Amino acid sequence: MMMFMRKGALGATASSSAIWLLLQQHMEMGIFPFPPNFPSFLLFHRHHITTSACTEKPSLPQKYCGFGSNTSNDISIDDALTSFYRMVRMNPRPSVVEFGKFLGSIAKKKQYSSAVSLCNQMDLFGVTHNVYSLNVLINCLCRLSHVDFAVSVMGKMFKLGIQPDAITFNTLINGLCNEGKIKEAVGLFNEMVWSGHEPNVISYNTVINGLCKNGNTIMAVRVFRKMEQNGGKPNVVTYNTIIDSLCKDRLVNEAVEFLSEMVDRGIPPDVVTYNTILHGFCSLGQLNEATRLFKEMVGRNVMPDTVTFNILVDGLCKEGMVSEARCVSETMTEKGVEPNAYTYNALMDGYCLHNQMDEAIKVLGIMIGKGCAPNSSSYNILINGYCKSKRMNEAKRLLSEMSEKNLTPDTVTYSTLMQGLCQVGRPREALNLFKEMCSSGLLPDLMAYSILLDGFCKHGHLDEALKLLKEMHERRIKPNIILYTILIRGMFIAGNLEVAKELFSKLSADGIRPDIWTYNVMIKGLLKEGLSDEAYEFFRKMEDDGFLPDSCSYNVIIQGFLQNQDSSTAIQLIDEMVGKRFSADSSTFQMLLDLESHDEIISRFMRGSSQHTKMK
């Protein structure tokens, strides 16, 4: 047996060398066994072939493929070659069916490059192909994102007189869809029909899924109806795909119609079907409909899973119904479903949104008590809650607690804390956290810099803000319009009018387009400096630049003209604002009330009851 193995090894080496020489000869003669632009990394390099049998190998299983009992995905190329050469040297040689099984066994272990290379070696050794072996090749090429080469393999099938089957078409259609080539996928699907191959449910599901993934729900529904017209029978996967896409398009009522259709046709909806629609209703804030559907789900003996309950808990919390969400979480265990980190995080977030931090901390305690370990998201939620409540010491304590529990803070953790500190007037502490974040190996992003710049600008620390801006440039982080607007506002706060105007002018040179917030900041700053005419020009320039003034724009400029004692222009702008169906905010209205007693123009305006009513 050992002698056979050694002879086999020597034979494999000799065969390998011979094949390499043959390949070289073919190439010199202009005969290429592979397409000219075939990816080189998919071919075995020469040293793999010539050395594969020269190194000691563990003994292989007796089957041809040599991988039947190996559960590892780590198949060496050399081992694959050894098994392959053993097969080609056998007399009589194994059938093409056995070679197909050999390739399939490698592909199943996700060794797609090896399978492609060995498939091409079959050509060199004169081993014929069948539809199965070429389907394996097509599948592997698709998995390697080389769908164009996979399509050329189907062309090779026709040349060899091998008829593609449904698997060939389905694999290629799926590969095209995965690469976003939906038009080509639909074309191939049509070709499948024209060539006399009856598409099966997998064919239709593949095309429908591809269309849905690319946001073409309407076309997906058309294919679905075409499937029915051609006598195809959709299954639960077909319906779930359409329902999911409709819900993502916020067409939840249409998704419910498909659910009813499923039931009428005797196709039982599963937990995925109900979870998808439940999530759709919760996303729209339609909790009553979600609750009704949940009851229907249970009534049809479809057992809710953790995802089901999490959707309901999260939906209720977002609508402020935290007590109801707590009740749902407590009934999970009764239904045999254990809450997970997502469940507890949703509850904590619900309490934090309503500033009930003590209750949120209690949920954290329950979570730990139930043996469910908090994650970084758990702490980020609580830190954000404390920051919004301006309880910064508790928020910083949680950051320390994360380290004690071996949880690594991320950029969200630090950014949340930095923003909280800046909002309570402690930007220098925020800067210390920023430095701590950088020293821990986390790269600061544009958001982190924006938070710090905003904090320093608002509190008049322009020198620190400009240092950060310089540091950003050194790190090659390009400022965006949000950051520029923060700086412009900071300059106005510090009374640096000319610098603010210069920054605005610099935007176009840097290829950055101002947004409506930038214009509002400029208008407010100019009015603060008493430059009403310039502010009015900016207000009109907004529309010329493609930005329609919003409610904030009107209130900002009206308040500025009132402060600058230009009541006539303010009233004209109020009329314009009301005509565009915007309303005065509380600050504008209060200023008008304050001026009513000693400004005749404002007094006359306020006495006009119809205008008065409209303005509110």
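Up top is the structure.
About the criteria used
Residues numbered from 1 in each chain as written. Predicted model: local features only at pLDDT ≥ 70, side-chain atom pairs only at ≥ 80, totals over all residues. Heavy atoms only, no water. Helix = DSSP H or I, 4+ residues; strand = E, 2+ residues; numbered from the N terminus. Buried < 20%, exposed > 50% of the residue type's maximum accessible area, 1.4 Å probe, protein only. Areas by Shrake-Rupley, 256 points an atom, 1.4 Å probe, with all protein chains shown as cover. Phe/Tyr/Trp six-rings, centres within 6.5 Å; stacked < 30°, edge-to-face > 60°. Salt bridge = Lys/Arg side-chain N within 4 Å of Asp/Glu carboxyl O. Polar contact = N/O pair within 3.5 Å; in protein donor to acceptor, adjacent residues only side chain to side chain. Contact = heavy atoms within 4.5 Å.

Visitor: I'd like a rundown of the overall build of the protein, residues and numbers included.
Guide: When helices and strands are counted, the protein shows 34 helices and zero strands. The proportion of buried residues among the 616 residues of the protein is 48%. When the accessible surface of the protein is totalled, it reaches about 31100 Å², and 53% of it is carbon and sulfur.

Visitor: Outline the packing of aromatic side chains, supporting the account with residue identities and numerical values.
Guide: Using the criterion set out here, one finds 13 aromatic pairs in the structure. With centroids separated by 6.2 Å and ring planes inclined at 65 degrees, the aromatic side chains of Tyr-239 and Phe-258 adopt a geometry described as edge-to-face. Placement of Tyr-239 in helix H12 (residues 236-248) and of Phe-258 in helix H13 (residues 252-264) is noted, with a sequence separation of 19 residues between them. You can call Tyr-239 buried: its relative accessible area is 0%. One aromatic cluster is present, built from ring pairs that chain together Phe-504, Tyr-519, Phe-538 and Phe-547.

Visitor: How would you summarise the pattern of salt bridges if you had to cite specific residues and measurements?
Guide: All told, the structure shown has 28 salt bridges when counted by the stated rule. Put simply, Glu-228 and Arg-225 hold a salt bridge, and the shortest N to O gap is 2.9 Å. Taken together, the positions of Glu-228 and Arg-225, both in helix H11 (residues 217-229) and three residues apart, correspond to about one turn of that helix. Taking relative accessible area as the criterion, Arg-225 reaches 27% and is therefore assigned partly exposed. A salt bridge links Glu-261 to Arg-225, with the shortest nitrogen-to-oxygen separation between them at 3.0 Å. Of this pair, Glu-261 sits in helix H13 while Arg-225 sits in helix H11; the two residues are 36 residues apart in sequence, bridging distant segments of the chain. Linked by salt bridges that have partners in common, Arg-225, Glu-228, Glu-261 and Arg-265 make up one network.

Visitor: Explain the side chain of Thr-343 to me, and be specific about the residues and the numbers.
Guide: Position of Thr-343 relative to the elements: it lies in helix H18 (residues 341-353). Look at Thr-343 and you get buried, because its relative accessible area is 1%. In terms of polar contacts, Thr-343 uses its side chain to reach the side chain of Asn-310, at 2.4 Å. Beyond its immediate chain neighbours, meaning those up to four positions away, Thr-343 contacts Asn-310, Val-313, Ser-329 and Met-332.

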